[in-house]
Amino acid sequence: MLFEHWIYSTAIAIIIGMIYYRFTRRDYSWIIIGCAYLPDLDLFTEIVLNKLGITLLVFGRHISHGDFHNIAFMFFFAILISLLLQTTGIKFRDSFVFSCIGFGAHLFEDALVYNPAYNFFWPVSNQNFGIGIIEYTNDWYGIANTEVLIVGLIAVIFCASIRTVYEGKGWVVRMIGVEYFVVQAKRVSGCVMRLPVE
Ligand SMILES: [Zn+2]
């Protein structure tokens, strides 16, 4: 499960965004897509720490793949992202919900194709869980499984169709956060313009 995370998270983001927008008139589903690869940061953390000359041992061992694939890191990252986005005007509650769903979507997708996958419920439980619906191999250019990818693409088309029927076409612009990013870009350029010139 590598490239497919992006596809499956997009399908989930479309539907979650639709439901959240229905009740709050706010849609930050781009956060879900932005979090699509967050748990896999555990692949690089040790390498980055090594480069910085930092030795970090957690429970007596180095950080390795799978260590971020649990609810403890889900909440940790969700709080971090929400505090960060709060400074740009997004309510903490909104980004917390979308970050948790984005991070959780990755865990669910891993569970779908691997069995056993990871100890998702750590620290509540140390047991490894997984569904493993197929014999997973990266047979699509080494970055995806063809069957999983095709099912994911069908899911995206299906979810996009449902949302278009329900909301019309306007959701695409909302979903990729065009309005939010334009405001942020203006804010940043405004700050740059105000910098004192020698
Ligand atoms: Zn993963």
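Here, every reference points to the structure presented above.
Remember, predicted model here, so these are calculated numbers, not experimental data.

Undergrad: Run through the overall build of the chain, naming residues and quoting values.
TA: Counting its secondary structure elements, the chain contains 8 helices and 0 strands. Scanning the chain from its N terminus toward the C terminus, one meets helices and strands in the order α-α-α-α-α-α-α-α. Seen along its three principal axes, the alpha-carbon backbone of the chain occupies a region of about 50 × 50 × 35 Å. Looking at the chain as a whole, 29% of its 198 residues qualify as buried. Of all intrachain contacts in the chain linking residues separated by at least 6 positions in sequence, the fraction that spans at least 24 positions is 59%.

Undergrad: Before we move on, can you summarise the nonpolar core with the specific residues and values?
TA: The tendency in soluble globular proteins is for nonpolar side chains to be buried side by side. Ranked by size, the top nonpolar core spans 32 residues in total, and within it I12, A13, I32, A78, C100, I101 and F103 carry the most contacts. Elements represented by at least two residues in this core include exactly α1 (4-24), α2 (29-34), α4 (71-86) and α5 (92-113). In terms of residue count, α5 provides more of this core than any other element does, 9 residues in total. With residues up to four places along the chain from it excluded, the contact list for I32 reads S9, I12, A13, I16, F98, I101, G102 and A105.

Undergrad: With reference to specific residues and values, describe the packing of α1 against helix α6 (residues 146-167).
TA: Running from amino to carboxyl end, α1 crosses α6 at an angle of 20°, the nearest separation of the two axes being 9 Å. As the angle between them shows, α1 and α6 are arranged roughly parallel. Viewed along their axes, α1 and α6 form a crossing whose handedness is left-handed. For the pair formed by α1 and α6, the contact residues are E4, I7, Y8, T10, A11, I14, I15 and M18 on the first element and V148, L149, G152, L153, A155, V156, C159, A160, R163, Y166 and E167 on the second. Tallied by class, the residues present in the contact of α1 with α6 amount to 14 nonpolar, 2 polar and 3 charged.

Undergrad: Which residues make up helix α8 (residues 178-194), and what are the values?
TA: With 17 residues, α8 ought to run about 24 Å at 1.5 Å a step, and its terminal C-alpha atoms sit 24 Å apart, in line with that. α8 sits mainly on the outside: 0 of its 17 residues count as buried.

Undergrad: I'd love a proper account of the packing of α1 against α5, names of residues and values included.
TA: One can describe the packing of α1 onto α5 by two numbers: an axis separation of 10 Å at closest approach and a directional angle of 130°. Classified by the angle between their axes, α1 and α5 sit oblique to one another. As for the relative orientation of α1 and α5, their crossing is right-handed in sense. Residues E4, H5, Y8, S9, I12 and I16 of α1 form the contact with α5, whose own contacting residues are I101, G102, A105, H106 and E109. Taken together, the residues of the contact of α1 with α5 break down into 5 nonpolar, 4 polar and 2 charged.

Undergrad: Lay out α4 in plain terms, naming residues and giving numbers.
TA: When the terminal C-alpha atoms of α4 are compared, their 22 Å separation across 16 residues agrees well with the 22 Å that a helix rising 1.5 Å per residue should span. When α4 is considered as a whole, its buried residues turn out to be M74, A78, I81, S82 and L85. The buried residues of α4 all sit within an arc of 100° when viewed along its axis, so they share a single face. Seen from the buried face of α4, the exposed residues on the opposite side, beyond 90 degrees, are L80, L83 and L84.

Undergrad: Explain unusual backbone geometry to me, using residue names and the numbers behind them.
TA: Going from N115 to P116, the amide bond is cis rather than trans, its omega being -5°. For the peptide bond that leads from W122 to P123, omega is 15°, which places it in the cis range. We note that R25 has phi near 60°; this positive angle belongs to a residue other than glycine. Within the element layout of this structure, R25 appears in the loop between α1 and α2.

Undergrad: So, the environment of G132: which residues are in play, and what are the values?
TA: Examined against the element boundaries, G132 turns out to sit in the loop between α5 and α6. With 13 C-beta atoms counted inside 10 Å, the residue G132 sits in the partly exposed group. When the C-alpha positions of G132 and N115 are compared, they lie 4.6 Å apart, and in sequence the two are 17 residues distant. Residues within four places of G132 in sequence aside, it is in contact with V113, Y114 and N115.

About the thresholds
- Residues numbered from 1 in each chain as written.
- Predicted model: local features only at pLDDT ≥ 70, side-chain atom pairs only at ≥ 80, totals over all residues.
- Helix = DSSP H or I, 4+ residues; strand = E, 2+ residues; numbered from the N terminus.
- Buried ≥ 20, exposed ≤ 12 C-beta atoms within 10 Å, placed from the backbone.
- Contact = placed C-beta atoms within 7 Å.
- Core = buried A, V, L, I, M, F, W, Y, C linked by C-beta atoms within 7 Å.
- Axes fitted to C-alpha atoms, helices over the stretch in contact; angles between N-to-C directions.
- Parallel < 35°, antiparallel > 145°, perpendicular 65-115°, else oblique.
- Left-handed = near helix turned anticlockwise from the far one by under 90°.
- Nonpolar A, V, L, I, M, F, W, Y, C, P; charged D, E, K, R; others polar.
- Expected span 1.5 Å × (residues − 1).
- Arc of directions from axis to C-beta.

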